[in-house]
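Here is what each chain is made of, one letter per residue.
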Amino acid sequence: MRGGIGSGPLEDQGFQVCNADLEDELIRCLGVDAVLNVIADQGELASFELLQRQPSLRDRSVERQLRRFFAGRSGNKIRYAPLLVNALPEGQAPLPMARLVASFKS
């Protein structure tokens, strides 16, 4: 038993678990190009490209750089989460989000 939660996968207990975080799930679901389009629409593509040139991030994957971009500035996670969700094609959502929505319908 884990902290009074029970045994087995957390998903079976009604929890929805992201791989790294919500932004990671959205980046994988949308794809890098679509996420970059969202950033460009906000007028912040130059800021992201500047972040990519930082020595600590140069050799990282674009996906990891994007996660750093969203986490690196106060308010970015809150600001970008709905923008990324709105960019999702109809009926396409990261699995944890889809499970969460489905749990409210049942």
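Before any of the text, the structure's been laid out above.
Parameters and conventions
Residues numbered from 1 in each chain as written. Predicted model: local features only at pLDDT ≥ 70, side-chain atom pairs only at ≥ 80, totals over all residues. Heavy atoms only, no water. Phe/Tyr/Trp six-rings, centres within 6.5 Å; stacked < 30°, edge-to-face > 60°. Helix = DSSP H or I, 4+ residues; strand = E, 2+ residues; numbered from the N terminus. Buried < 20%, exposed > 50% of the residue type's maximum accessible area, 1.4 Å probe, protein only. Core = buried A, V, L, I, M, F, W, Y, C linked by side-chain atoms within 4.5 Å. Contact = heavy atoms within 4.5 Å.

Trainee: What is the right way to look at the packing of aromatic side chains in this model?
Mentor: What describes a pair of aromatic rings is the distance from one ring centre to the other and the angle between the planes of the rings. Here the structure, examined in full by the defined rule, presents 4 aromatic pairs. Summarising the aromatic geometry, the rings of Phe48 and Phe69 are spaced 5.7 Å apart at their centres and angled 85° between planes, so their arrangement reads as edge-to-face. Remark: Phe69 occurs in helix H4 (residues 62-72) and Phe48 occurs in helix H3 (residues 45-52); sequence separation between them is 21 residues. Of the two residues examined, Phe48 and Phe69, each falls in the buried class. When the ring of Phe69 is compared with that of Tyr80, the centres are 5.8 Å apart and the planes differ by 65°; the resulting orientation is edge-to-face. Of the two residues, Phe69 sits in helix H4 while Tyr80 sits in helix H5 (residues 76-87), which places them 11 residues apart along the sequence. Per residue, the accessibility class of Phe69 equals that of Tyr80, and both read buried.

Trainee: Please clarify how the nonpolar core should be interpreted in this entry.
Mentor: The nonpolar side chains of a soluble globular protein tend to be buried with one another. Counting 17 residues, the largest nonpolar core has Val35, Ile39, Leu66, Phe69, Phe70 and Leu84 as its most contacted members. Mapped onto this core, the elements with two or more residues apiece are helix H1 (22-30), helix H2 (32-41), H3, H4 and H5. Those residues within four positions of Phe70 in sequence are excluded, and the remaining contacts are Glu23, Ile27, Val35, Ile39, Asn76, Lys77, Tyr80 and Leu84.

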